[in-house]
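Residue-level listing of the chains:
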Amino acid sequence: MSDQSPSRPSASGVAPHGWALTLAVAALLILAGVWLHARPALNQSLFLGLNHAAGGPERATAGLWAGLSVAGLGLSATMMVLAADRTRRLAVSALLWGVPLTWLASSLPKALIHSPRPAAVLASGTFEVIGQPLLNAASMPSGHSLTAFVAATVLAGALGGAAWRRGLLFVLAAAVAFSRIAIGAHWPADVLAGSGLGLLVGRLTLALARRWPARWLNRPAAQRGLAVVELGLSVALLLQSTGLPVAAPVQWALAFMGLGSGLSRWRHASAEPGADQAVAKLVLPSLGAGLLLAMLLREGLGERLLAALAQVPGWAWPLAVAGLWGSYGLRAERLRREWGTWGRQHRPQDRMPSLADSVDLFLTHNAALLLLPMRAGEAGYPWLLHRRFGIPVAESVRSLVWLRLQDALVLGLLGLLGLAPGPFVLRLAAVAGIVFALWAVLPRLSRQLGQWWPRWQALQGTLVAHRGDLSGWLLCVGNWLLKLAVLGGVLALLAGLPVWQGWSAALAGELAAALPIQAPAGLGSYEAAIWAAGQWVGAAVSPTLLASSALAVHALGFVTALLTPLLYRALSWALARRVRPAGDSSVGP
């Protein structure tokens, strides 16, 4: 390719044809917005048509449009850019220019044009309003549209990737822009002009960041400073009053995302860029989870949830926590037997995890699974076993695979029992038939396969080995039955469901928690699965009540799983202090 190739980057690092396309599209959008603004009758007519087509506050789409509007806030966009750029850090450098330029590009035209909002011009009831109506005279241009397109342009230019991924960013930005019409906050002219300005500001901030890169951001102290900024933005987003109560789940999801991103950035401040790049995968699942929850819960979440909580007897909560602790104990005993058997066969002279060690191991691993995205917390299991007991990583990975296969099989059979169509007797007979076939037929098939394919025999020997005993299966089944009894019972009490429907819905939530792609702690997908299962089994309650009850059950499991390790460590430390000899001044158990 010659040096005169049209794809050659300019001094700013942006291909000339890229600048030309951006300028053309931006100019077209801005001119269309100005032209439409100069024709109030056409602007109003187009607004009313689009606004009514969006659905209004009574439809499930109200949560979608309100949530997208919250995603277009400056706080939200800044947090998503910070979480997404973990490797090159060009997008983070662009923020240093983008934040003031975006504010200026939004505030200056608003002050000069002084355009009234739709709610200040149109009569009440002639258009749909989601959330609190805006009555100020700061409509032109749309700041949310501008911010969304700045963030999309910066991320597309800084992170690169496949064309469809870059295109998805602009689709999301366009959805944010349309949401301002859908909730009744902006005219179409405002949205068009804001989108065009966002493209220009985004390109400009990228060019400035490439021309004067903030290399000092690679320093550990700067990364820790950014981590503090992310944590502060998460708190600020949680506390901000958006005027859109239906979009509260998006605030929660994005704040949780920012919290995880900030903690990860602090921990990896001294590492090479990209050491925590898995955090970037938090952004879209977190946003999607928040939007899904907002669509399910709609308005009145607080009132409905409080009313449901008031119907639950006080004794049910400590009993539920005790039941969850019982399920933790069963899983810990499962781990103790797993490594006790392995140790007697391979390292009889070494210390293997005791029951207390296994409880601590499970609680730590479980908390990591909840806090880290994309099931990255699974890596904590082999890491902890190797660090504390010197168990080879390959052996602990085989153990993890086996445990997950056991869980999947047990949950799958319970799912067949609780969610498959048909009479319960037939479902029970089907489950019993499958269990018998696995017990009686599968070993013979496995031996036959080993004769045909010797590698299978070696794989089976390393994976199954000592793990075929009945006690491990009974502990696995007991754990899931106890956990589902607790969560299903609380769900039934909250939503006023029959016990079997609550159990089936809770089972669907646990099946969804096994998905590999989801927001932290399964936020959104867990509630959606319970809502869908409720419709499947014919739950005679409103979808909003069912979704809010699912959120309460999810919060019960999440908070219990996070607080229990802290309580367990504190109790272990206190007991160790009591039994320590008087002359021993060491710290810790």
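On a predicted model such as this, the values are computed, not experimentally measured, just so you know.

Trainee: For this particular structure, what's the right way to read the pattern of salt bridges?
Mentor: Side chains bearing opposite charge may pair, as long as their charged atoms lie close to each other. Considering all chains together, one arrives at ten salt bridges under this definition. The closest approach of N and O atoms between Asp360 and Arg388, which form a salt bridge, is 2.5 Å. Pair noted here: Asp360 is in helix α15 (residues 355–371) and Arg388 is in helix α16 (residues 380–389), with a separation of 28 residues, a long-range link. Among the residues examined, Arg388 registers a relative accessible area of 32% and is labelled partly exposed. Taking the shortest distance from any N to any O, the salt bridge between Arg398 and Glu395 comes out at 2.8 Å. One end of the pair, Arg398, and the other, Glu395, are both in helix α17 (residues 393–419), three residues apart, so they sit about a helical turn from each other. Taking relative accessible area as the criterion, Arg398 reaches 27% and is therefore assigned partly exposed.

Trainee: Looking at this structure, I do not really get the packing of helix α4 (residues 74–84) against helix α10 (residues 220–239). What am I missing?
Mentor: The axes of two packed helices give the description: the angle between them and the distance between them. Axis separation between α4 and α10 bottoms out at 10 Å; the angle between their running directions is 145°. Note on packing geometry: the crossing formed by α4 with α10 is left-handed. Of the residues in α10, those in contact with Leu75, Ser76, Thr78, Met79, Leu82 and Ala83 of α4 are Leu226, Glu230, Leu233, Ser234, Ala236 and Leu237. Classifying every residue of the contact of α4 with α10 by side-chain character gives eight nonpolar, three polar and one charged.

Trainee: Just checking my understanding: could you explain a nonpolar patch on the surface for this structure?
Mentor: Taken together, the side chains of Trp103, Leu104, Leu108, Leu112 and Ile113 make up a nonpolar region of the molecular surface, amounting to roughly 550 Å² of accessible area. Position of Trp103 among the secondary structure elements: in helix α5 (residues 90–113).

Trainee: How should I be thinking about the side chain of Asn366 in this particular structure?
Mentor: Structurally, Asn366 is set in helix α15. Each residue touching Asn366, except ones within four places of it in the same chain, is listed here: Tyr328 and Ala561.

Trainee: In this structure, what is going on with the nonpolar core? I would like to understand it.
Mentor: Across soluble globular proteins, nonpolar side chains have a tendency to be buried as a group. In terms of nonpolar packing, the biggest core is built from 67 residues, with Ile130 and Met257 touching the most fellow members. Among the elements that line this core, the one with the most residues is helix α7 (residues 143–159), at nine residues. Contacts of Ile130, omitting those with residues within four sequence positions, involve Gly56, Pro57, Ala62, Trp65, Ala66, Ala182, Ile183, Leu244 and Val246. With 58 residues, the next largest nonpolar core counts Val312, Leu419, Cys476 and Leu494 among its residues.

Trainee: Is there a simple way to think about the confidence of the model for the protein chain in this case?
Mentor: Low pLDDT means the predicted coordinates in that region are not meant to be read closely. The predicted model of the protein chain averages 82 in pLDDT, with 86% of residues at 70 or higher. Mean pLDDT per element in the protein chain: helix α20 (residues 454–463) is the minimum at 61, and helix α9 (residues 188–211) is the maximum at 92. Segment residues 582–589: pLDDT under 50, and seven contacts once partners within four positions in sequence are set aside and those in other chains are kept.

Trainee: Whenever I open this one, helix α2 (residues 40–54) confuses me. Can you help?
Mentor: Spacing of three or four residues puts side chains on the same side of an α-helix, whose turn is 3.6 residues. Taking 1.5 Å per residue, 15 residues should reach 21 Å; α2 reaches 21 Å between its end C-alpha atoms and fits that length. Taken together, the buried positions of α2 are Asn43, Phe47, Asn51 and Ala54. One face of α2 carries all of its buried residues, which in axial projection span an arc of 55°. Of the exposed residues in α2, the ones pointing more than 90 degrees away from its buried face are Ala41 and Ala53. Where α2 terminates, the next one or two residues include Gly55, which has phi positive at roughly 120°.

Trainee: When you look at unusual backbone geometry in this model, what are you seeing that I'm missing?
Mentor: Excluding glycine, most residues fall at negative phi; most peptide bonds, likewise, are trans. Of the consecutive residues Met140 and Pro141, the connecting peptide bond is found in the cis state with omega at 0°. One non-glycine residue with positive phi stands out, namely His114, at about 55°. Structurally, His114 is set in the loop between α5 and α6 (118–121). On the accessibility criterion, His114 (54% relative accessible area) is exposed.

Trainee: Which parts of the structure should I look at to understand the packing of aromatic side chains?
Mentor: Each aromatic ring pair is described using two quantities: the centre-to-centre distance and the angle formed by the ring planes. This structure, assessed with the given rule, holds nine aromatic pairs. Taken together, Phe47, Phe127 and Trp187 form an aromatic cluster joined through their ring pairs. Above the ring of Trp266, the side-chain terminus of Arg224 is found at 5.7 Å from the ring centroid.

Thresholds applied
- Residues numbered from 1 in each chain as written.
- Predicted model: local features only at pLDDT ≥ 70, side-chain atom pairs only at ≥ 80, totals over all residues.
- Heavy atoms only, no water.
- Salt bridge = Lys/Arg side-chain N within 4 Å of Asp/Glu carboxyl O.
- Helix = DSSP H or I, 4+ residues; strand = E, 2+ residues; numbered from the N terminus.
- Buried < 20%, exposed > 50% of the residue type's maximum accessible area, 1.4 Å probe, protein only.
- Axes fitted to C-alpha atoms, helices over the stretch in contact; angles between N-to-C directions.
- Left-handed = near helix turned anticlockwise from the far one by under 90°.
- Contact = heavy atoms within 4.5 Å.
- Nonpolar A, V, L, I, M, F, W, Y, C, P; charged D, E, K, R; others polar.
- Patch = residues over 30% accessible without salt bridge, like charges linked within 9 Å, V, L, I, M, F, W, Y side chains within 5 Å.
- Areas by Shrake-Rupley, 256 points an atom, 1.4 Å probe, with all protein chains shown as cover.
- Core = buried A, V, L, I, M, F, W, Y, C linked by side-chain atoms within 4.5 Å.
- pLDDT = per-residue confidence, 0-100.
- Expected span 1.5 Å × (residues − 1).
- Arc of directions from axis to C-beta.
- Phe/Tyr/Trp six-rings, centres within 6.5 Å; stacked < 30°, edge-to-face > 60°.
- Lys NZ or Arg CZ within 6 Å of the ring centre and 35° of its normal.

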